[in-house]
Each structure stands twice: as C-alpha cells, then as structure tokens.
Amino acid sequence: MTHAASKSELFFHQAADHLGLSARFRVLLLAPERDVKVQVAIRLDNGEIETFIGYRVQHDNARGPMKGGLRFHPQVDEDEVRTLAQLMTWKTAVVDLPYGGAKGGIAVDPRSLSKGELERLTRKFVDQIHEMVGPDSDIPAPDMGTNSQVMAWFMNQYQTHHGFQPACVTGKPLELHGCEGREEATGRGVVIVTDRLMHHLGQKLAGKTVALQGFGNVGSFCGKVLHERGARVVAITDHRGGVKNANGLDIPTLLTYAQKNDGVAGFPGGDPMTNAELFASPVDILIPAALGGQLTAETAPSVRAKYIVEAANDPTTPEADEIFLKKGITVVPDILANAGGVTVSYFEWVQNRSVVHWPLEEIRGRLETRMSTAFDAVWQIAQDRKVPLRTAAYILGIGRVARATELAGVS
Ligand code: GLU
C-alpha cells in the first residue's frame with residue numbers, strides 16, 4: 001500500500017493496485033461529484049421546531065444516473081454517507097446496472113417521530129434537494145430507517161416541483177408505481193449469491209447452518225429465503241436481543257412473532273443470545289445484516305463460521321478482513337452480496353419509464369440471473385488473479401467505472 005488512504009478506501013486501493021491505476025486517476029475516481037449538507041427544520045406535533053441535518057452525496061456518474069438509498073438513522077454523518085455513496089458506485093458496476101452511485105440520509109431516529117413528523121421531515125428534505133435529484137440524474141431508494149411509505153412521500157413531493165415522474169425514486173409501494181419483489185430483493189439476492197458460492201465450492205446450501213445479525217428488511221427476507229432453500233438458521237440477533245436454536249429456528253413463526261413484538265427477543269422457540277455469542281457461533285455461514293462496522297479487530301477473532309456473506313453495507317473493517325483472510329474464512333463482499341436491492345430498483349425504474357408492470361416471477365427470474373452472473377464474474381476474477389472475493393469484486397466494479405471514465409474523456 002503506497003497511497004495514503006482513509007480506512008474505507010483501503011479496499012479500493014487494493015484493487016486499484018491490481019488494475020495499475022495511477023495516483024491521479026484514483027483521485028478522480030474517489031472524489032465525490034457533489035456533496036450536499038442541508039438543514040431540515042420541521043414543526044413537531046407539540047408545536048416546537050426541531051432541526052435535523054440531511055445529506056446527499058453524489059459520488060460518480062460515469063456509467064449513468066447516480067443511484068442509492070436514503071438512510072434515516074441517528075448515526076448518519078458526512079463520513080458515513082460519503083463511504084456508502086462510493087460503495088454504491090462500485091456496487092452498481094459489479095451488477096452491471098447503467099448507474100453511478102450516491103447516498104443520502106438524515107441524522108434522526110425515525111422511531112422517535114410520529115408518522116406526521118416523519119412525513120413533514122421527508123417532504124422538507126425533498127424541497128431542499130429536489131433540484132439535484134431526478135430520473136436522469138440521481139434516483140434515491142429505501143435504506144435503513146426508510147421504507148416504501150417514505151418513498152411515496154418523496155415521489156409526491158418531487159411531483160409538486162417537477163410534475164409526475166414516478167422514476168424519480170424507487171422502492172415505492174406497489175399501489176404507487178412500485179415493483180413486485182422490491183421489498184424482498186436485497187435479502188433474496190444475499191441468498192442467491194450464497195447459493196452460488198456453495199455451487200462453486202461443490203456444496204449445497206440446504207442443510208448449512210447460518211447465524212444472522214439483523215432481522216429488519218434485509219435480515220428477515222434473508223432468513224425467509226434461506227429457510228425456503230433448506231438452510232438451517234440457528235441464531236438471530238437484532239436491535240433488542242437475540243435467539244438461538246441448534247435445531248434451526250422456525251422462521252415463518254419467528255417472522256410473525258418479530259413483527260408483533262418489535263424484534264426476536266423472547267421468542268419461545270429458542271433460547272436468548274447476545275451479539276457476541278452470535279459472532280462466535282459454530283456455524284457454516286455468518287451473515288451480518290445490520291449496521292456497518294460490526295466485524296472489527298475486536299469481534300473478528302471470535303468468528304468460527306467458514307463463510308461470511310455481507311448483507312449489510314460496510315460491516316467489516318480492513319483489520320477484520322485481514323483476520324478473516326488469515327483464518328481462511330471466505331467473505332462475499334457487500335458490493336456483490338447486497339446488490340439485489342438496487343438491481344430490483346433498476347427493474348422498477350425501467351418499468352416506470354416504459355409504463356409497464358412485470359409479474360413477480362419475472363422479477364425473481366431476472367434477479368436470479370443478474371446476481372448469479374455477477375457472482376460468477378467475480379468468482380472468475382478471484383480464481384484468475386488469486387485474490388479474495390472482495391478484491392475481485394472491486395476489480396470488476398472499479399475496472400468498469402475506470403473504463404467508462406476514460407472512454408468518455410473530460411469535456
Ligand atoms: N439502499 C440499498 C443499497 O444500499 C438500495 C439502493 C437502491 O435501491 O438504489 O444498496
């Protein structure tokens with residue numbers, strides 16, 4: 001490593017070294033196109049005014065309009081949004097979508113707001129960023145703390161400025177130009193690549209034991225599809241607690257339980273467990289599907305899984321990644337593993353622009369094909385260059401962005 005780099009850029013430089021990219025070109029690829037920070041003030045239900053900070057970072061548009069979620073979470077800050085925007089650029093390139101990368105967010109705990117307050121916050125944020133987003137420039141989508149309802153408000157508020165443009169945002173409700181299977185897409189995509197990994201290793205996903213950190217949108221659909229494909233989910237933790245059962249958790253019953261009880265804690269079909277225990281579970285596959293920065297120099301040494309599939313964005317620090325490499329643990333990186341969400345977002349955008357509606361089976365089939373094709377391409381690079389899957393995925397993603405940048409030239 002010859003280049004000064006922030007922690008999150010180390011993975012970039014490992015791949016850029018393989019691609020032989022010059023220092024100047026790296027600066028061009030790394031720097032965001034635009035980085036916006038706004039003050040979002042709303043009136044609370046009690047009549048008082050509260051101020052939040054909102055962000056939209058547009059990282060790169062060499063391959064097309066910028067694409068990426070909107071996160072509502074107390075930990076959102078400029079650094080995190082910049083890192084996540086950059087990950088979106090490599091992610092859309094890995095699955096070969098005609099997009100660049102962006103990310104946005106508001107530093108807020110959405111659970112602390114009423115529905116009306118959340119709506120006012122979303123609409124005010126749209127008022128402040130509407131000029132920089134749009135179907136041909138930057139298309140937001142759900143991320144942690146946001147959902148299809150937030151996207152519906154987004155679309156409706158955008159419409160007050162620019163007229164009817166459903167393709168200005170993805171992850172919308174089905175009744176409002178949304179796409180079949182968008183909600184399950186990230187979790188399903190994680191399982192598709194896990195299945196594909198097993199296939200390349202000459203193994204079967206059915207019968208494998210899995211520990212899952214997180215049971216929100218991504219984690220819960222991941223658990224559901226794993227269960228459908230015969231894997232045994234033996235441990236799950238979420239923001240309120242955890243549950244384990246060595247014989248395999250009854251996922252359909254747990255899904256209903258978690259919805260009613262705001263989490264998996266106290267589920268009668270298993271015993272309580274902590275996050276630290278989950279990481280150290282003697283399972284085949286560990287799936288972090290919660291916040292970033294979970295697998296660190298402190299937590300990584302305890303991991304006993306053979307495979308890690310990164311459903312979350314940025315869950316592994318470079319130190320932890322090094323530890324996994326030494327331990328012989330195979331890591332399927334976030335920019336490949338969780339690309340199912342943005343892939344189905346792309347399907348939604350295509351349908352909105354063509355005014356058509358594809359059935360669920362078509363979406364699932366297309367997702368399966370795209371994710372498998374991307375996995376196979378990354379696997380091949382890893383074999384050819386004898387590099388870990390993360391480096392291979394970055395080589396594929398950065399390579400595509402670098403070629404597009406070079407071909408387009410500078411005006
Ligand atoms: N927020 C998701 C991600 O991190 C989806 C982004 C999108 O659909 O644009 O990939």
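Note that this is a predicted model, so its numbers are computed, not measured.

1. Some points on the overall build of the protein
- Summing up its helical and strand segments, the protein has 14 helices and 13 strands in all.
- Taken over the C-alpha trace, the protein has a radius of gyration of 20 Å; the compact-globule value for 411 residues is 22 Å, and the two agree within 12%.
- In terms of its C-alpha atoms, the protein occupies a principal-axis envelope of roughly 55 × 55 × 40 Å.
- Taking all 411 residues of the protein together, 56% fall into the buried category.
- By sequence separation, contacts in the protein at least 24 residues apart represent 67% of the contacts at least 6 residues apart.
- Accessible surface, the protein: about 16800 Å² in total, of which carbon and sulfur atoms supply 50%.
- If you average the places of the 43 positive and of the 47 negative side-chain charges in the protein, the two averages end up 4 Å apart.

2. What about the site of the ligand?
- Of all residues adjacent to the ligand, which total 14 residues, the nearest are Lys67, Lys91, Pro142, Asp143 and Ser345.
- In the environment of the ligand, a nitrogen atom lies 2.9 Å from a nitrogen or oxygen atom belonging to the backbone of Pro142.
- The contact in question runs from an oxygen atom of the ligand to an N or O atom on the side chain of Arg182, over 3.1 Å.
- Broken down by secondary-structure element, the contributors of at least two residues to the shell around the ligand are helix 3 (78-94) and helix 12 (340-354).
- Among the elements that take part in the shell around the ligand, helix 12 stands out by supplying three residues, more than any other.
- Taken together, the residues of the shell around the ligand break down into four nonpolar, five polar and five charged.

3. Structural notes on the packing of helix 1 (residues 10-19) against helix 14 (residues 389-408)
- Across the interface, helix 1 lies against helix 14 with an axial gap of 8 Å and an inter-helix angle of 70 degrees. As summarised for this structure, helix 1 and helix 14 are arranged roughly perpendicular, according to the angle between their axes. In the crossing of helix 1 with helix 14, the sense of the turn from one axis to the other is right-handed. Contacts between helix 1 and helix 14 involve Phe11, Phe12, Gln14, Ala15, His18 and Leu19 from the first element and Arg390, Thr391, Tyr394, Ile395, Ile398 and Gly399 from the second.

4. Regarding the sheet that holds strand 12 (residues 307-309)
- Strands sit in the order 10-9-8-7-11-12-13 across an open sheet of seven strands; the sheet is mixed. Of all the strands in the sheet, just strand 10 (271-272) and strand 13 (330-332) have a single pairing partner and so form its edges.
- As defined by bridge partners, strand 7 (residues 209-213) adjoins strand 8 (residues 232-238) across five bridges and the pair is classed as parallel. Paired with Val210 across the two strands is Val233, which belongs to strand 8.

5. Comments concerning the nonpolar core
- Core analysis: the largest hydrophobic core is formed by 82 residues, its most contacted members being Leu29, Leu226, Ile236, Leu254, Ile287 and Val332.
- Beyond its immediate stretch of four places on either side in the chain, Ile287 contacts Val190, Val210, Ala211, Leu212, Gln213, Cys222, Leu226, Val309 and Ala311.
- Core analysis: the second largest hydrophobic core is formed by 26 residues, Ile42, Leu113, Val133 and Tyr158 among them.

6. With respect to the pairing of strand 2 (residues 49-60)
- As paired elements, strand 1 (residues 34-43) and strand 2 share 10 bridges and run antiparallel to each other. Across the sheet, residue Asp35 finds its bridge partner in strand 2, namely Val57.
- Linking strand 1 to strand 2, which pair antiparallel, is a turn of five residues; within it Gly47 sits at a positive phi near 95 degrees.

7. Thoughts on the packing of helix 6 (residues 185-200) against helix 13 (residues 360-385)
- Viewed as axis vectors pointing N to C, helix 6 and helix 13 meet at an angle of 45 degrees, and their least axial separation amounts to 9 Å. As far as their axial angle goes, helix 13 and helix 6 are oblique. Seen from above, helix 6 lies across helix 13 with right-handed handedness. On the side of helix 6, the interface is formed by Ala185, Arg188, Gly189, Ile192, Val193, Arg196, Leu197 and His200, while helix 13 contributes Arg364, Leu367, Glu368, Met371, Ser372, Phe375, Asp376 and Trp379.
- Of the residues that constitute the contact of helix 6 with helix 13, the class distribution is eight nonpolar, three polar and five charged.

8. Topic: the pattern of salt bridges
- Counted under the stated rule, the structure contains 25 salt bridges.
- The residue Glu184 makes a salt bridge to Arg364 at a minimum N-O spacing of 2.9 Å. Of this pair, Glu184 sits in the loop between helix 5 (148-162) and helix 6 while Arg364 sits in helix 13, and the two are 180 residues apart along the sequence.
- Residue Glu184 is classed as buried on the basis of its relative accessible area, which comes to 8%.
- Note that Glu362 is salt-bridged to Arg366, the shortest N-O span being 2.9 Å.

Criteria and cut-off values
- Residues numbered from 1 in each chain as written.
- Predicted model: local features only at pLDDT ≥ 70, side-chain atom pairs only at ≥ 80, totals over all residues.
- Heavy atoms only, no water.
- Helix = DSSP H or I, 4+ residues; strand = E, 2+ residues; numbered from the N terminus.
- Rg over C-alpha atoms; globule rule 2.2 N^0.38 Å.
- Buried < 20%, exposed > 50% of the residue type's maximum accessible area, 1.4 Å probe, protein only.
- Contact = heavy atoms within 4.5 Å.
- Areas by Shrake-Rupley, 256 points an atom, 1.4 Å probe, with all protein chains shown as cover.
- Lys, Arg positive; Asp, Glu negative; His and termini not counted.
- Charge placed at Lys NZ, Arg CZ, Asp CG, Glu CD.
- Near = heavy atom within 4 Å.
- Polar contact = N/O pair within 3.5 Å; in protein donor to acceptor, adjacent residues only side chain to side chain.
- Nonpolar A, V, L, I, M, F, W, Y, C, P; charged D, E, K, R; others polar.
- Axes fitted to C-alpha atoms, helices over the stretch in contact; angles between N-to-C directions.
- Parallel < 35°, antiparallel > 145°, perpendicular 65-115°, else oblique.
- Left-handed = near helix turned anticlockwise from the far one by under 90°.
- Pairing = 2+ DSSP bridges.
- Core = buried A, V, L, I, M, F, W, Y, C linked by side-chain atoms within 4.5 Å.
- Salt bridge = Lys/Arg side-chain N within 4 Å of Asp/Glu carboxyl O.

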